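Structural features, examined
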Amino acid sequence: MKKTAVLFLLILPILSFSQETEEEKETIFKEFLNNLSGSFETNAQWYVNDNVLGDFDDPIPEFELENKHLRANSYLRLDYRFLNNFTFGLQAESYEPLPLLSYFPEYKGTELTNYYINFKNKKLDITAGHFYEQFGSGLLLRTFEERQLGLNNALRGGRIKYTPTNYLSVTALYGNHRIGFDHSEGDVFGLDLNIDLKEVIGLEGLSRFNFGASYVGKSEEFTAPVDEFDPNNTFDTTDFPELINSYAFRFDVDFGKFFVNTEYSLKGEDISFTAASLGNPQIIEGKYFDGSAILFTTGYTVKGFGVSSTFRRLENMSFSSDRDLVRPGNNPFGMGSINFTPALTKQQDYSLSNIYLYQAQSPLFIQNFGGQAGEIGGQIDMYYSFKKGSTIGGKYGTKVTANMSYWSLLDATFDQDNSTYDSELFKFGEKLYKDINFEIKKKWSKEWSSVLFYQNLAINKNLAIEGSYIPNDEAITSNIIVAETTRKFSGGRSMRLELQHLSTDEDLKNWAGGTLEYVVNRNLAFYVADIYNYGNDNKDEQYHYYNFGGSYTKGATRVALNYGRQRGGLFCVGGVCRIVPENTGLSLNLTTAF
Amino acid sequence: MKTLITLFLTLSITSLSFSQNELPSMELKTLEGKSIQLQDISKDQVVVISLWATWCVPCKNELDAISEVYDDWVDETNVKLYAVSVDDSRTVSRVKPLVNGKSWDFTILLDTNNDLKRELGASTIPLTLIIKNGKIVYRHSGYTPGSEEALFEEIKKHS
């Protein structure tokens, strides 16, 4: 019935002015529209049976029974401004008749999912309803929306932001996370403070000197489980962490050419679970552990050159608003996370360099395999532009980008009999991921430009394929080369050709790929692409994953139509991943804003 | 399906009759941590806002292409470009070295939790806007080689 409510809200203001004259009506209507803005997005897919890959099949049995081949995820967002300082907004989401493959299965049907009312002036910003917020780099708290992954963990509650002076801001919030169409059991409250010390102290030598501190608390009631076989065996709830208090501190200092950003956070004592392999993991009685995160970034930049390096250590840093979501294997869709600890590796955009991807290992598992406590590692980025007119720079310049990352488990020793562990501060454990990549971009003339990309990586096999770590699993080592060139013609036309190759001796072995893109004008473009697993040992599984389609863009509206095969496996956006089954079909994406 | 069609119809009717033209009122931080009020930036001149990210290839291509001719644009029209990075905490530390490494002369703003991106309803980037007196007078998403020339034609119309 909420859909009717949405429509009613839309129509109500128009209907209620029926007493006015025609002219007045028109002005009022115009004013109403002027104050209304919004956006609409739909991603529809028609899954077809593929005579090579097999018939369409939904891994969720209940959905498979419904046998729906045509599905769409749609989002409508509306914001209405009134009385200068107020905004009222809502978002409706529809997953009809079922959500697209491998989305959170509780997304079923159409709902009014987010709503808020906001008051804002120069010093105050007050929201009631759903809101998005990030404290510092998000190590303790970040609420955001990522539609491609089906994630929206907006908090529903209240938030006050107060900026009394230009060097101080304070945020206080309270709420429950959105989990699908529902909300978390646990209550989350937070307090965040930002001070611009450069303004306060008046340091002229620095271009930036900020200090920040946050508190995030989570409170969730606990009902002790009853032992079915031995009623005398009661769960001792002494010291049970129903309330978890967490803190973070950060400094951002910028000396002009040289900068340092750092954040340290401490998560209060939280529960851990028995091994997933035994089935039905239970909370371990009386064993509660705190967690911590260290993030340190430093860099040096001058015109034409930039380098930055990041170090991060995470220990027991999965932080969820529902205790049950931490239960091993219980949360494959990544719902209800309070904090944000993405993989700090380079986000690649070539299709073959998106096959083997790293995922950050933040949680503590004492009883799984030999145990794991977190991750430690870092990455370095470098950017350089050769001067125009130099030998390598040529007439139009040459740009080089390089990135290296290395991640391993945090070194720790586990006493599984007593469910305890000891971790090392800065000691690297088993290697999980290593990546070296660089890219050279060269403009030959006004019409021609090319890119050459190389990547060498090694990754824990199970982590790359299933998204979870297995100790001492063999590593997949791969080398990827990509070359692309773009030719510009008159009248906005252009053509781009991209060739890719991935070589590895493990998993599915070698791949080759190519893309040809033709831009008719700035509004209209077409493409064909294919990746081909020609190295697969099984000759019958040397599949082509071809795709072709086009897109039309005008103003705020974009329509894209695409037909082809989707490779199965981990699908990641911004370091957050979900597993997508192989499928074939026709997809339509429509987005517009008004 | 019915709901979808209803939603779609509501939308097509409404989108035909009006278009968003106010720039959302919002405060964004520069790379130096200074706060900038979006409403204030287009008071004296025509402004281009480009939403981009360090991981978005067409975005970087667009800004590279504009960077080559930016001085001429400024001379001719007094336009100012704000490149708003929507990089989240995963990639935001790359923004400063990338901008300097590429020698871009734009003012960089950070939209780390994508508040502006959401309010503009930008589901894809790059998104390029021309702003005059706080109003959005032109909007285009996506970048194709050479489309910076069409953008400049639009800038000239409004300056």
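Residues numbered from 1 in each chain as written. Chains lettered and ligands numbered in written order. Predicted model: local features only at pLDDT ≥ 70, side-chain atom pairs only at ≥ 80, totals over all residues. Heavy atoms only, no water.

**Let's talk about the state of the cysteines**
Residues and elements named next belong to chain B. Using the criterion set out here, one finds one disulfide over all chains in the structure. Between the sulfur atoms of Cys56 and its disulfide partner Cys59 the distance amounts to 2.0 Å. Measuring handedness by torsion sign, the sulfur bridge of Cys56 and Cys59 sits at about 75 degrees and is right-handed. The same class applies to Cys56 as to Cys59, namely buried. (Disulfide = S-S within 2.5 Å. Buried < 20%, exposed > 50% of the residue type's maximum accessible area, 1.4 Å probe, protein only.)

**Thoughts on the pairing of strand S21 (residues 475-488) of chain A**
Side chains on a regular strand alternate between the two faces of the sheet. Residues and elements named next belong to chain A. Where strand S20 (residues 448-460) meets S21, 13 bridges bridge the pair, whose relative direction is antiparallel. From the neighbouring strand, Val451 faces S21, where its bridge partner is Glu484. As judged from the eleven bridges shared by S21 and strand S22 (residues 494-504), these two strands associate in the antiparallel manner. The residue bridging Thr485 from the neighbouring strand is Leu497, located in S22. What sits between S21 and S22 in their antiparallel hairpin is a turn of five residues, with Gly491 showing a positive phi close to 70 degrees. (Pairing = 2+ DSSP bridges. Helix = DSSP H or I, 4+ residues; strand = E, 2+ residues; numbered from the N terminus.)

**Some thoughts on unusual backbone geometry**
A cis geometry characterises the amide bond from A:Glu96 onward to A:Pro97, with omega recorded as -10 degrees. Note that A:Pro97 resides in the loop between strand S3 (86-96) and strand S4 (109-120). Residue B:Pro126 is bonded to the preceding B:Ile125 through a cis peptide linkage, with omega at 0 degrees. Of note, B:Pro126 is situated in the loop between helix H4 (115-119) and strand S6 (127-132). Positive phi values are uncommon outside glycine, yet A:Ser102 reaches one of about 65 degrees. Within the secondary structure layout, A:Ser102 lies in the loop between S3 and S4. Positive phi values are uncommon outside glycine, yet A:Asn472 reaches one of about 50 degrees. Along the chain, A:Asn472 turns up in the loop between helix H5 (461-465) and S21. The class of A:Asn472 is exposed, set by a relative accessible area of 67%.

**Quick look at the interface of chain A and chain B**
Counting from both sides, the interface comprises 84 residues of chain A and, opposite them, 61 residues of chain B. For the pair chain A and chain B, the summed buried area comes to about 6,100 Å², and 52% of that belongs to carbon and sulfur atoms. Of all residues in chain A, A:Tyr383, A:Arg522 and A:Phe594 give up the largest surface area on contact with chain B, accounting jointly for 13% of the area buried on that side. The interface formed by chain A and chain B contains eleven salt bridges. A:Arg142 serves as the salt-bridge partner of B:Asp88, at 3.8 Å between the closest nitrogen and oxygen. Seen at the junction of chain A and chain B, the total is 23 residue pairs in polar contact (both at pLDDT 80 or more). (Contact = heavy atoms within 4.5 Å. Buried area = accessible area lost by both parts, 1.4 Å probe. Salt bridge = Lys/Arg side-chain N within 4 Å of Asp/Glu carboxyl O. Polar contact = N/O pair within 3.5 Å; in protein donor to acceptor, adjacent residues only side chain to side chain.)

**Concerning the confidence of the model for chain B**
All names here are of chain B. Residues of chain B with pLDDT of at least 70 account for 87%, and the chain-wide mean is 86. pLDDT under 50 marks residues 13-18. Its contacts with residues more than four places away, or in other chains, come to five contacts. Listed scores for the predicted complex are pTM 0.90 and ipTM 0.85. (pLDDT = per-residue confidence, 0-100.)

**Re the packing of aromatic side chains**
In the structure shown here, the tally under the stated rule is 39 aromatic pairs over all chains. A ring pair is formed by A:Phe32 and A:Tyr80, whose centres lie 5.1 Å apart and whose planes are at 40 degrees; its orientation type is tilted. With A:Phe32 in helix H2 (residues 22-34) and A:Tyr80 in strand S2 (residues 70-82), this pair connects stretches of sequence that are 48 residues apart. Overall, A:Phe32 belongs to the buried group, its relative accessible area being 11%. Accessibility expressed as a relative area gives 23% for A:Tyr80, which makes it partly exposed. Relative to A:Tyr95, the ring of A:Tyr75 lies with its centre 6.1 Å away and its plane at 85 degrees, an arrangement referred to as edge-to-face. Here A:Tyr75, found in strand S2, pairs with A:Tyr95, found in strand S3; they are 20 residues apart in sequence, far enough to count as distant. Both residues of the pair, A:Tyr75 and A:Tyr95, count as buried. One aromatic cluster in this structure is built from A:Tyr75, A:Tyr95, A:Phe104, A:Tyr107, A:Phe181 and A:Phe333. The aromatic ring of A:Phe144 is capped on one face by A:Arg142, whose charged end is 4.3 Å from the ring centroid. Cation over ring: B:Arg118 sits above A:Tyr132, and NZ or CZ is 3.7 Å from the ring centre. (Phe/Tyr/Trp six-rings, centres within 6.5 Å; stacked < 30°, edge-to-face > 60°. Lys NZ or Arg CZ within 6 Å of the ring centre and 35° of its normal.)

**Focus: the side chain of B:His140**
With respect to the secondary-structure elements, B:His140 resides in strand S7 (residues 135-141). Judged by relative accessible area, B:His140 falls into the buried class, the value being 5%. Residues in contact with B:His140, not counting those within four places in the same chain, are A:Arg522, A:Asn523, A:Thr553, A:Gly555, B:Pro126, B:Leu127 and B:Thr128.

**Some thoughts on helix H5 (residues 147-158) of chain B**
With twelve residues, H5(B) extends 17 Å from end C-alpha to end C-alpha; this agrees with the ideal 16 Å at 1.5 Å per step. Buried-residue contacts for H5(B) involve S21 of chain A together with strand S3 (47-52), helix H2 (57-77), S6 and S7 of chain B. (Expected span 1.5 Å × (residues − 1).)

**A closer look at a negative patch on the surface**
Together, A:Glu106, A:Asp182, A:Glu185, A:Glu221 and A:Glu242 give the surface a local cluster of negative charge. Residue classification places A:Glu106 among the exposed residues on the basis of a relative accessible area of 54%. (Patch = residues over 30% accessible without salt bridge, like charges linked within 9 Å, V, L, I, M, F, W, Y side chains within 5 Å. Areas by Shrake-Rupley, 256 points an atom, 1.4 Å probe, with all protein chains shown as cover. Lys, Arg positive; Asp, Glu negative; His and termini not counted. Charge placed at Lys NZ, Arg CZ, Asp CG, Glu CD.)

**Details of the nonpolar core**
Counting residues in hydrophobic clusters, the biggest one holds 48 residues, and the most contacted among them are B:Leu38, B:Ile49, B:Leu51, B:Trp52, B:Phe106 and B:Ile155. Looking at this core, the elements with two or more residues in it are S3, H2, strand S4 (80-85), helix H3 (95-101), strand S5 (107-110), S6, S7 and H5 of chain B. Core analysis: the second largest hydrophobic core is formed by 44 residues, A:Leu53, A:Leu344, A:Trp407 and A:Tyr433 among them. (Core = buried A, V, L, I, M, F, W, Y, C linked by side-chain atoms within 4.5 Å.)

**Concerning the sheet that holds strand S2 (residues 35-37) of chain B**
Residues and elements named next belong to chain B. The strand order across the open sheet formed by seven strands is S2-S1-S5-S4-S3-S6-S7, and the pairing between neighbours is mixed. Sheet topology places S2 and S7 at the edges, where each strand pairs with a single neighbour. In this sheet, adjacent strand axes meet at a mean angle of 30 degrees when their direction is disregarded. Note that S4 and S5 share four bridges and pair parallel. Bridge pairing in S5 links Ser85 to Leu110. (Axes fitted to C-alpha atoms, helices over the stretch in contact; angles between N-to-C directions.)

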